[in-house]
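Per-entry structural report
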There are 2 protein chains.
Amino acid sequence: MNPIDASQTQIDHALTSAVEAYSVYRHTAPSVRLKLLSTIAQLIEQSRAQLVAAAASESHLTETRLNNELNRTIFQLETYGAASQKGYCLEASLDHDPSAQPAKPDIRKILIALGPVVVFGSSNFPFAYSTAGGDTASALAAGCPVVVKAHPAHPETSALMAKCVTDAVAICGLPAGVFQHVFGASFEVGKWLVQHPYTAAVGFTGSFSGGKQLVDWAAARRNPIPVFAEMGSLNPVFLLPEKLNLSHTEIANQLVNSFTLGVGQFCTKPGFIIGIKDLAWDSFLNELSALTSSISPAPLLHNGIASSFEKNTELILQQPGIRVLARGSAPSKPGEGSPVIVQVNAADWLSNSLLQEENFGPFTMVIQCNDAIEILAVAKHLEGQLTGTIFATEQELMENRALVSMLEIRCGRLIFNGVPTGVEVCKSMQHGGPFPATSDARFGAVGEDAIRRFLRPIAYQNWPDALLPLPLQTKNPLAIPRFINGVLQPQ
Amino acid sequence: MNPIDASQTQIDHALTSAVEAYSVYRHTAPSVRLKLLSTIAQLIEQSRAQLVAAAASESHLTETRLNNELNRTIFQLETYGAASQKGYCLEASLDHDPSAQPAKPDIRKILIALGPVVVFGSSNFPFAYSTAGGDTASALAAGCPVVVKAHPAHPETSALMAKCVTDAVAICGLPAGVFQHVFGASFEVGKWLVQHPYTAAVGFTGSFSGGKQLVDWAAARRNPIPVFAEMGSLNPVFLLPEKLNLSHTEIANQLVNSFTLGVGQFCTKPGFIIGIKDLAWDSFLNELSALTSSISPAPLLHNGIASSFEKNTELILQQPGIRVLARGSAPSKPGEGSPVIVQVNAADWLSNSLLQEENFGPFTMVIQCNDAIEILAVAKHLEGQLTGTIFATEQELMENRALVSMLEIRCGRLIFNGVPTGVEVCKSMQHGGPFPATSDARFGAVGEDAIRRFLRPIAYQNWPDALLPLPLQTKNPLAIPRFINGVLQPQ
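Residues numbered from 1 in each chain as written. Chains lettered and ligands numbered in written order. Predicted model: local features only at pLDDT ≥ 70, side-chain atom pairs only at ≥ 80, totals over all residues.

Our next topic: the relation of the copies chain A and chain B. Of the transformation superimposing chain A on chain B, the axial component is 0.0 Å and the angular component is 180°, with the fit at an RMSD of 0.0 Å. A rotation of that kind, with that shift, is consistent with a two-fold axis. A shared binding surface is used by both copies, with 100% of the interface residues of chain A retained as interface residues in chain B. (Least-squares fit on C-alpha atoms with pLDDT ≥ 70 in both. Contact = placed C-beta atoms within 7 Å.)

Moving on: the packing of helix α7 (residues 187–195) of chain B against helix α8 (residues 208–219) of chain B. Residues and elements named next belong to chain B. Taken N-terminus to C-terminus, the directions of α7 and α8 make an angle of 45°; their axes are 9 Å apart at the nearest point. As the angle between them shows, α7 and α8 are arranged oblique. Note that α7 runs across α8; the crossing there is right-handed. Taking contact as the criterion, the partners of Gly190, Lys191, Val194 and Gln195 in α7 are, on α8, Leu214, Trp217 and Ala218. Residues that form the contact of α7 with α8 fall into these classes: four nonpolar, two polar and one charged. (Axes fitted to C-alpha atoms, helices over the stretch in contact; angles between N-to-C directions. Helix = DSSP H or I, 4+ residues; strand = E, 2+ residues; numbered from the N terminus. Parallel < 35°, antiparallel > 145°, perpendicular 65-115°, else oblique. Left-handed = near helix turned anticlockwise from the far one by under 90°. Nonpolar A, V, L, I, M, F, W, Y, C, P; charged D, E, K, R; others polar.)

This brings us to the domain arrangement of chain A. Residue and element names in this part refer to chain A. In terms of domains, chain A is made up of domain 1 (8–231 + 441–484) and domain 2 (236–416). Taken over C-alpha atoms, the centre of domain 1 sits 35 Å from the centre of domain 2. The residue makeup of the side of domain 1 that touches domain 2, split by class, is three nonpolar, five polar and two charged. (Domains from an automatic or database assignment.)

On the secondary structure map, Leu90 of chain A appears in the loop between α4 (63–86) and β1 (93–95). Separated by 382 residues in sequence, Leu90 of chain A and Leu472 of chain A have C-alpha atoms that sit 9.9 Å apart.

Now for the interface of chain A and chain B. Facing 54 residues of chain A, the contacting portion of chain B comprises 54 residues. At the level of elements, β1, β2 (107–113), α8 (208–219), α14 (394–399), α15 (401–410), β16 (411–416) and β17 (455–461) of chain A are the ones that each hand at least two residues to the side of chain A that touches chain B. With six residues, β17 of chain A is the largest single contributor of residues to the side of chain A that touches chain B. Per-class residue counts for the side of chain A that touches chain B are 30 nonpolar, 13 polar and eleven charged. Note: β17 of chain A against strand β16 (residues 411–416) of chain B, three bridges, orientation parallel. (Pairing = 2+ DSSP bridges.)

Here it is as structure tokens:
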């Protein structure tokens, strides 16, 4: 399958259909959106075998992994639909006090859908962060029509997924413009989509260069629009000495599994392992090396990633002070990735900004510090990250508040004695972080709060009750939680 | 008083102090921020006479108006401080289910302060949207240090206000970097402030050209930052025939008062009055004209505004199809604004984009339509607005859903049978709208939800309870509302 790029006319047609669908879809009741998202989930479940087979062929990921990812995709659709129904995400608020002296206006506020959302799926999650993934699910839950550009690395998977969504839209009796799917491997298709006047927001998961390009195109529009670009992260892991002394074997196991999981192709892969040279550290490095050399090479998602991995690794190896700590010992075939760990002293790392760039694939970098002061210097030098991890005893964590404070400023999620891979889908998750990890740290891409990205407030002043949107009518016909004169009534 | 522009070194020093203060201030308990904001309010109250005198001299606004504006400023400081204490704005959320099979991580999320915020105050609200105005109050409530650039039109007022804030910071024992005040009439000072690496967000109230410049500077940074620019609005008012027939005299009175209030220098001034030509419409226009001609000229905020007002009015008068409907009949002195209403047919308005530009001052434009279809064409042609108003009977409102739907997409606040001036400070207010009214329609600048602009989420995974921020500890020591496993516990 080799789909042809959409033309500018086709993109214009898609956004025109989307903006027409918006005028209907944004008014739908939460129950309609729940039904749409549930129906998509059901159709995906019914197509499971076909979807997994297509994705396995296009992405080289294992069927086990893909089945798990499909479960996650279905769970996202169901929980975001349920969140739309629960109504917290509407943030309904009523201020009305007829007895106020002097008289005050009756003001009621709710969040409404932004408009058509363009979604660029990721290559490394062909289901959960692609065509019917988190961005699409949260935009549809918000009441926004979606135009997806299929990722060129898995066009067949994307087309199958898109069929589940378009079928669900039809089953629910909604306008076809609620969801549309276009192909485009070229630079131009992305630019037309982002710069189309009807596009109201953009969701993206991928590389820094790709995400930043979308951000720049959006900023150059006559009317700038928000872009939620999740662009990658180094996910530093700090190992404090007492904990390392107690658990170096277990930590080495956890970290090798984490940085090689999915052949190192996760945005939450631990890309830096930072600790202080001592006896336990040396044992830890030996264990890390032994485990890494025993990991077999595995096919990467596509040849572009394989050649970037090779090129980036070569470039890093040429940097001053870098040495190979371990490599997978088995020979690898073209298109495969074999694990690599390099080591560098903090001083060399601090003086070379190139070492802060993500190397997507089974690669990680050990940064060796002389003392706690160097640990802090490394933390201070970090750019924005999706996650930051500390392995420590509770006592050590308490004694290292300055380190925690630095990570709070630089990261979206802090993990204690665990690995950053594995992003739970729940309300409390934050998957997003300061630039350059994401383009807008004020929002996250995982969990029902992702819906908030595609909403904006509107207030109605002295509006006749019967003509207000249902969530704002005095009798609360949808029985949702609302703020009344500033106090939350949970229902 | 003729303050000297800050140098680049001084700006760097201010932002360095701010980022140092951030590491302390962002950790303060809500009670500390409430105390700071209340103390600022008290010191402002104590300096009332001096503040009003300075502002009257610098802005030419009346003492009555300035006293009311000071009340509003104090109310904002108090209510945003109280909102910080109530805790809704923290959006605390805990997902922990020790009995889950398979086991799930314990994840807890809260909103934290973004970092140092640069505030550019407005000329038309020397108190409420300037130095210690809404942006400063909401940033401080969020836990962000603030650097204010004094508006060059009221440096003395700004310096007096700044003293209230810096004194309050000292009284509360907080680092001086929590609030700083710099002068700068030049282009460069603004650019240095927005592009300084430690600046995390920007608040602005003013013209489109000024706001868009800040947005562009922020987007051109190596790490783009959010800019909340409230840039002006035309605030269309639609008059439906039956209502106009019933109440044309009252509506003419309301609209003339509204568009000349504060000498027309409000961002919510009704800039378009749109209706269908019929008998009541003709009576309404006669009343509008008579009332307008009786309004006396009054001094505008400063000479720059006075000359822009004159120039813009001239330019509009040269456009095809524009005619003067009424002017204030009393002669005006240099620096004063005398009211002007112009009239244009919908067809001429629709074909001339220049007629959608704001003319700041006592000016409004009547757009005469032939029928309801032209009314819709005008609505569809509107750019993003802070507000949209409909005068109608309830029956007419019900029959004009298409008009309402168009205004919902284009406006931040819809008003029924009222005027857009007068922006109530309450949780349900939305003061913000689609571009070009504001740079980010997902947030508002008035009411406690303005605090949300300066916050971002952070999640803690498997973190020791005692070392979590207080709002996330299991026992809920701050007794704030929190989501527990996705369900809100209001406390």
